[in-house]
Amino acid sequence: MEFFLTSLLNGLSYGLLLFMLSSGLTLIFSMMGVLNFAHASFYMLGAYFAYQISSAIGFWPALVIAPLVLGLAGALLERYGLRTVHKSGHVAELLFTVGVALLVEEIVPLIWGRMAVKYAIPRELDFTLFSLFSTSFPAYRGFMLLVSVGMMVLLYVVLTRSRIGLIIQAALTHPEMVGALGHNVPRVFMLVFGVGTALAGLAGVIGGNAFVTEPSMAAAVGSIVFVIAVVGGLGSLEGAFIASLVLGIIQTFSVALDYSLSDLFAGSEVALLHDEALRSLFSIRISQMAPMIPYLVMVLMLIFRPQGLMGKRE
Amino acid sequence: MSEKIARAGILVIFAVFLMAWPAVAADTIKIAHIDPMSGAFADAGERADKMLRAVVNEINAKGGVLGGKKLEVVTLDNKQSPQESLLMLKKATDEGIHFITQGHGSNNAAALSEAITKIYQRTPEKAVLYLNFSAVDPELTNDKCNFWHFRFDSNSDMKVAAIVSYLARQKSVKKVYLIGQDYAHGRAVRDAARRLLAQKLPNVKIVGDDLHPTGKVKDFSPYVAKIKASGADTVITGNWGNNDLGLLVKAGKEGGLKVNWFTFYAEAGGTPAAIGEAGVDHVYQVSEYHTNIPNSSIEPFVRKFEKETGMSFYYLRMKTAIEMLAKAINQAKSADPLKVAKALEGMRYQSATGEVWMRPEDHQLMAPLYISVMTKAGPKLKYKHDVNRSGFGFRTEALIALKDSVLPTTCRMARP
C-alpha cells in the first residue's frame, strides 16, 4: 500500500512535470501550426537565465524576469525570423527552429562553460512538505506541481473564456476574416509564440534547479516533449495534459515491475525459451524497459491513432 | 582567372609548409589523446585533455625524455563513438604517432585495442602503444587482452572487490541493492558485485538490482521508492555524471531514503556539485586518488594546476601513466613502441600514493585504492580541498591493500 501510494504520487508529479515541459510546445503548435524544435533550447535558456538572475537578486525575481525575457526574445524571433521564412512554408519554419536550437546549443557552453552551473533550490522551498508513511514529499516538488497545474488552468481559461483567446482561435482558422474585423493577425501570432517560449522558460527556471543546469539539458528533454505532444494529439492542450499524466504514471509503475517474458511462460515447456539467441530478449524485465515506454507508446499511437489522443489535426 | 588559381595554389603550398615546419623542427615524441572533445561528453574530454597537457608540461619542464626530447600532446576528437575513435587512430598512425591514450568509454577502448593489434600484424613499423587511463571494462585485460594495451586504472572488478572488502568490515551492512546504467560498464559492475558478494559476504543479501538507460532518466523517484521498499541499507552503483549519479542521490534524499551509496565516479567533474548536500557522509567513492589525501607528493603539481585552470585535478592514474611511459622510454633508451612496451611490462613505479606495478600477464596496473566519503570541504574547513569549487570534497575512510583488490586474470597474451 505504501509503495502504491508513493508511486502514484511520484507518477502524478512526474506527469505534471512533463506537462510543464511540453505545454509551450503544444500551445505554439495548436495556435500557429509551427512545430518549434527550439522549444527545449528555450527551456535550457530559462534555466541559465534564472541561474544568472538568481545569483544576483534571488530566485523569486528570477521566476518572473527570466520567462518575461524569454517571452520577449521569442516574440522578436517570431517577428524578425519566423515571419520572414513563413512565406516559404512549414518546412522552412521547421528548419529555422532547428537552426535556432543548434545555435543555442553551441552558444550556451561558450558563455557558461560545459560544466553544470550551481543553480540550487531556494532555501524557502528546501523542506519537507508532508510525509506519506515513511516517504517524504519535498516542498519544491509541490511547488512544481502547483506551477504546472496553474499553467494548465490559465492557458485553458485564457484560450476558451477570454476575448483574446477567441481572437487567437479565430485567427487560426479564419485569418483573413479576423484581419478584416480590424485585428492585427501577425501580432496575435507574435504574442502566441512569445507566450509559448515564456512557458518553456518558466519550465526551465523551475526544472533547472530541480535537475541539473548544463549544456546537454536541452537534448535530454527534447525528445520527451515531442512524445507528449504527439501522444496527446498535436495541437491539443487537454490531450497533452492527459498524455503527460498517463505516461508519467505508467512509467513510474513499470519501474516496479520486475517481470519478463520468460516469467510469463515459466513452468511451461516453450521451446523458444531454450533458444540461446532469444534468451537475452526474453529475460529483459519491464523495469528495464520503463524509460523507453513513452517512446513505445508514441510509435503505437502513430500507427493506430495518428491524430493522437485528442488531436484535431491529421 | 588562372593567375588567381596559381596565386591560391602558392598560398596553399606555403600554408602547408608552415604547418609542417614546427613538427619537423621540434622533433618531439607525440602522444595522441583520443577522447570526446565535442558533443554531450565534451566536458569530460576537455578536462582530461587539460590534465594531460599539464602532466606532459611538467615532464618537459624537467628536461623531457632521452636527455632532452620533449613530449607533445596531439588531441583528437572521437565524439565518444567507436567508429570515430578508429578514424582518429588512423589519423594518428598516418602522422607517424606511436603512442595513444584514451579514457572515456570501454566501447571506444575495445575498438582501439582490437585495431592496434591488427596494425602491428599488418604494418609492424606503425606499431601503436595504447595507454588506457580510465576505461574499466574487465574484459580488456582478461579475454580481450592484448600486448599493446596497458591499463592504468583499476578495472571495475577490482574496484568492486575493494568495495566488498570494505563492506566486510562494516557490521551494519545487511542488505545491498545494485543499480546501474544499462551498458557494458553497468552490467560488469553488477555481475562483479553479485559474484564477489556471494563469495566473500554470504550473509549479506542482495535485495534488488536495476539497470536503467544511460542519461535518459529524468526522475529517479520510482527507483528510490523501489530501493526503499526493498529495505536496503547499502547501494552499489557504477553510475557516473551529473544526471545518472547526481539526480539519483538527490532523489534518494528527497524520498527520505537512508542508505550509503558506493560509487566509482562521485568526484568527477561537476558531480559533487550536482549531488550536493545529499551526499555528505553517505556517498562513498573507490578511487586511486582524491583531493584530500594528506601529504602526497603530488600536492605542488595539483595546486599549480588548480591555479592555472581553475579546476581540480582528478586523474592521478593518467599522471602515473604518462610518467611511467617517460620512465619506460628512458629505460629502453628509445621511443620504439615495442622496446617501450617491454620496459613497461612488470615495471614498478613510485606514484603519488604508493608503489604501483604493471602486471605483465595482462598489462593491468596494480595500485592501492582508497575508499573515501563525501564531506564538506573548503579552505577554512578541516578538509581543505573541495572539488571544482563545489564546497564538497572527500575524506579517506580506508586504504584497501592490494591483496584485497587483486584478482586473477584469464588473459593469454600473444607476444610479438
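Not measured: the values here are computed from a predicted model. (Residues numbered from 1 in each chain as written. Chains lettered and ligands numbered in written order. Predicted model: local features only at pLDDT ≥ 70, side-chain atom pairs only at ≥ 80, totals over all residues. Heavy atoms only, no water.)

### Re the packing of aromatic side chains
Residues and elements named next belong to chain B.
Inference 1: Counting across every chain of the model gives 23 aromatic pairs over all chains.
Inference 2: Residues Tyr-166 and Tyr-284 carry aromatic rings whose centres are separated by 6.0 Å and whose planes lie at 45° to one another, so their mutual orientation is tilted. Residue Tyr-166 is located in helix H5 (residues 156-167), and its partner Tyr-284 is located in strand S10 (residues 283-287); the two are separated by 118 residues in the primary sequence. Side by side, Tyr-166 and Tyr-284 carry an identical accessibility label, which is buried.
Inference 3: An angle of 15° between the planes, with centres 4.6 Å apart, marks the rings of Phe-262 and Tyr-284 as stacked. Taken as a pair, Phe-262 in strand S9 (residues 260-263) and Tyr-284 in strand S10 lie far apart in primary sequence, 22 residues in all. (Phe/Tyr/Trp six-rings, centres within 6.5 Å; stacked < 30°, edge-to-face > 60°. Helix = DSSP H or I, 4+ residues; strand = E, 2+ residues; numbered from the N terminus. Buried < 20%, exposed > 50% of the residue type's maximum accessible area, 1.4 Å probe, protein only.)

### A look at the domain arrangement of chain B
Residue and element names in this part refer to chain B.
Inference 1: Domain annotation for chain B reports domain 1 (2-155 + 300-366) and domain 2 (157-294 + 369-405).
Inference 2: For domain 1 versus domain 2, the distance between C-alpha centres works out to 30 Å.
Inference 3: Facing 23 residues of domain 1, the contacting portion of domain 2 comprises 24 residues.
Inference 4: For the domain 1 and domain 2 pair, buried surface summed over both sides reaches about 2000 Å², with 57% attributable to carbon and sulfur atoms.
Inference 5: Of all residues in domain 1, Asn-155, Tyr-314 and Thr-353 bury the most surface against domain 2, accounting for 26% of the area lost on that side.
Inference 6: Where domain 1 touches domain 2, the interface holds 2 salt bridges.
Inference 7: The closest approach of N and O atoms between Lys-159 and Asp-153, which form a salt bridge, is 3.2 Å.
Inference 8: Put simply, domain 1 and domain 2 have 8 residue pairs in polar contact (both at pLDDT 80 or more) between them.
Inference 9: Of all elements in the fold, only helix H10 (299-309), helix H11 (316-332) and strand S13 (364-366) reach the threshold of two or more residues within the side of domain 1 that touches domain 2.
Inference 10: Classifying every residue of the side of domain 1 that touches domain 2 gives 11 nonpolar, 7 polar and 5 charged. (Domains from an automatic or database assignment. Contact = heavy atoms within 4.5 Å. Buried area = accessible area lost by both parts, 1.4 Å probe. Salt bridge = Lys/Arg side-chain N within 4 Å of Asp/Glu carboxyl O. Polar contact = N/O pair within 3.5 Å; in protein donor to acceptor, adjacent residues only side chain to side chain. Nonpolar A, V, L, I, M, F, W, Y, C, P; charged D, E, K, R; others polar.)

### With respect to the interface of chain A and chain B
Inference 1: Across the boundary between the two partners, chain A contributes 30 residues, which contact 36 residues of chain B.
Inference 2: Roughly 2900 Å² is buried in total at the junction of chain A and chain B, and carbon and sulfur atoms are behind 54% of that figure.
Inference 3: Here Arg285(A) makes a salt bridge to Asp209(B), at a shortest N to O gap of 3.3 Å.
Inference 4: At the junction of chain A and chain B, the tally comes to 9 residue pairs in polar contact (both at pLDDT 80 or more).
Inference 5: Its residues assigned to classes, the side of chain A that touches chain B comprises 15 nonpolar, 9 polar and 6 charged.

### Let's talk about the nonpolar core
Inference 1: Counting 114 residues, the largest nonpolar core has Met32(A), Tyr140(A), Phe143(A), Ile206(A) and Trp261(B) as the members making the most contacts within it.
Inference 2: The element contributing the most residues to this core is helix H1 (residues 2-32) of chain A, with 13 residues.
Inference 3: With residues up to four places along the chain from it excluded, the contact list for Tyr140(A) reads Phe59(A), Ile121(A), Pro122(A), Leu125(A), Val205(A), Ile206(A), Asn209(A) and Ala210(A).
Inference 4: Membership of the second largest hydrophobic core comes to 105 residues, among which are Val74(B), Ala92(B), Leu167(B) and Tyr284(B). (Core = buried A, V, L, I, M, F, W, Y, C linked by side-chain atoms within 4.5 Å.)

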